[in-house]
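Here are the chains, one letter per residue:
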Amino acid sequence: MRCAELAELVVGVDVGGPRKGFHLVALRGRMVEVVERLPDAQTAAARCRALGARAIAVDAPSRWSTDGRPRTCERELAAAGIRCFPTPTEAAARNHHTGFFDWMLNGIDLYDQLADSHPRLQKTWPTANANVAFETFPHAIVCELSGRVIPGRDKRSIRLEVLRAAGVASSALASIDEIDAALCAFAARAFLESRARFFGSSDDGYIVVPARPCS
């Protein structure tokens, strides 16, 4: 990998609903530079730009389902044994009586806020030196890097172990939300280093995870 790539700052964002907000972790190389909680998509996008992030990986759907069925990326993950909650149509999300999908609405808002500076990933690799934002999924990251489907229990300890094995210093990460944001940032780093695996298509969005190193 090139030294210039290691110097580029990347950001991972764990997206929550209106009360939880956005947890942001910035990596330079494998070092954690920033850990923050931000209240809304506009503030989170502005912070990503202020940090000079080259790539931003977000734990939230980048696109809605067009027909109510799981998106291509979600079907491909399921075929690999990795379960994820299917993304609904936008109308279903906005009209849900409990607000269950508010975190997805927040995620889409973040992509929209970033659109001018970090457009959504449209193809597997961006133009050289172009900024990009894309969807990732911490559970899929852990499964890919572990080489097996990981059970849902003990998420905190398992995810910390995966980060440490990847060489990411984790002492600054106090909550599962910050750990997940760091996993997202590691996916952004892997993307820039051309070490990523892609699920999905340009039609309804990609989920990008770090590729497992060859043994």
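Just so you know, these numbers come straight off a predicted model, no measurement behind them.

Participant: Got a minute to help me understand the overall build of the chain in this structure?
Facilitator: Of regular secondary structure, the chain possesses eight helices and seven strands. The globule rule puts the C-alpha radius of gyration for 215 residues at 17 Å, and the 16 Å found for the chain is close to it. Along the longest, intermediate and shortest principal axes, the C-alpha atoms of the chain span 45 × 35 × 35 Å. In the chain, which comprises 215 residues, the share counted as buried stands at 50%. Expressed as a percentage of contacts within the chain between residues at least 6 apart in sequence, the contacts between residues at least 24 apart total 61%. As displayed, the chain has an accessible area near 10000 Å², and 50% of this comes from carbon and sulfur atoms. Charge-centre separation for the chain: the mean point of 27 positive side chains lies 4 Å from the mean point of 25 negative side chains.

Participant: Where do I start with the packing of aromatic side chains in this structure?
Facilitator: Ring pairs (aromatic) are described by centroid distance and by the angle formed between their planes. Scanning the entire structure with this criterion turns up six aromatic pairs. On the numbers, 5.2 Å between centres and 50° between planes, the contact of Phe85 with Phe100 is tilted. Of this pair, Phe85 sits in the loop between helix H3 (72–79) and helix H4 (90–95) while Phe100 sits in the loop between H4 and helix H5 (102–114), placing them 15 residues apart in sequence. With a relative accessible area of 48%, Phe85 lands in the partly exposed category. Of the residues examined, Phe100 reaches a relative accessible area of 42% and is grouped as partly exposed. Plain terms: the ring middles of Phe100 and Phe101 are 5.1 Å apart, the flat faces sit at 90° to each other, and that makes the pair edge-to-face. Its relative accessible area of 8% is what places Phe101 among the buried residues.

Participant: Teacher, can you tell me more about the layout of surface pockets here?
Facilitator: Rolled over the atoms, a probe sized like a water molecule indicates the empty space that remains. In this structure, the largest pocket occupies an estimated 520 Å³ of space. Taken together, 28 residues form the lining of the largest pocket, with Asp59, Phe85, Trp103, Phe137 and Pro138 sitting closest to its centre. Ranked by the residues each element gives to the lining of the largest pocket, the list is headed by helix H8 (residues 176–192), at three residues. Looking at the lining of the largest pocket residue by residue, the class counts come to 12 nonpolar, six polar and 10 charged.

Participant: I keep staring at the pairing of strand E3 (residues 31–38) and nothing clicks. Help me out?
Facilitator: One ladder, built from seven bridges, connects strand E2 (residues 22–28) with E3; its direction is antiparallel. Pairing of Val25 across the sheet is with Val35, part of E3. Here E2 folds back onto E3 in antiparallel fashion, the turn holding two residues, of which Gly29 has a positive phi close to 65°.

The rules behind the values
Residues numbered from 1 in each chain as written. Predicted model: local features only at pLDDT ≥ 70, side-chain atom pairs only at ≥ 80, totals over all residues. Heavy atoms only, no water. Helix = DSSP H or I, 4+ residues; strand = E, 2+ residues; numbered from the N terminus. Rg over C-alpha atoms; globule rule 2.2 N^0.38 Å. Buried < 20%, exposed > 50% of the residue type's maximum accessible area, 1.4 Å probe, protein only. Contact = heavy atoms within 4.5 Å. Areas by Shrake-Rupley, 256 points an atom, 1.4 Å probe, with all protein chains shown as cover. Lys, Arg positive; Asp, Glu negative; His and termini not counted. Charge placed at Lys NZ, Arg CZ, Asp CG, Glu CD. Phe/Tyr/Trp six-rings, centres within 6.5 Å; stacked < 30°, edge-to-face > 60°. 1 Å grid on protein atoms, 1.4 Å probe; cavity = no way out; pocket = protein on both sides within 12 Å on 5 of 7 lines; lining within 4 Å. Points joined across faces, edges and corners; volume = space filled by probe spheres on them. Nonpolar A, V, L, I, M, F, W, Y, C, P; charged D, E, K, R; others polar. Pairing = 2+ DSSP bridges.

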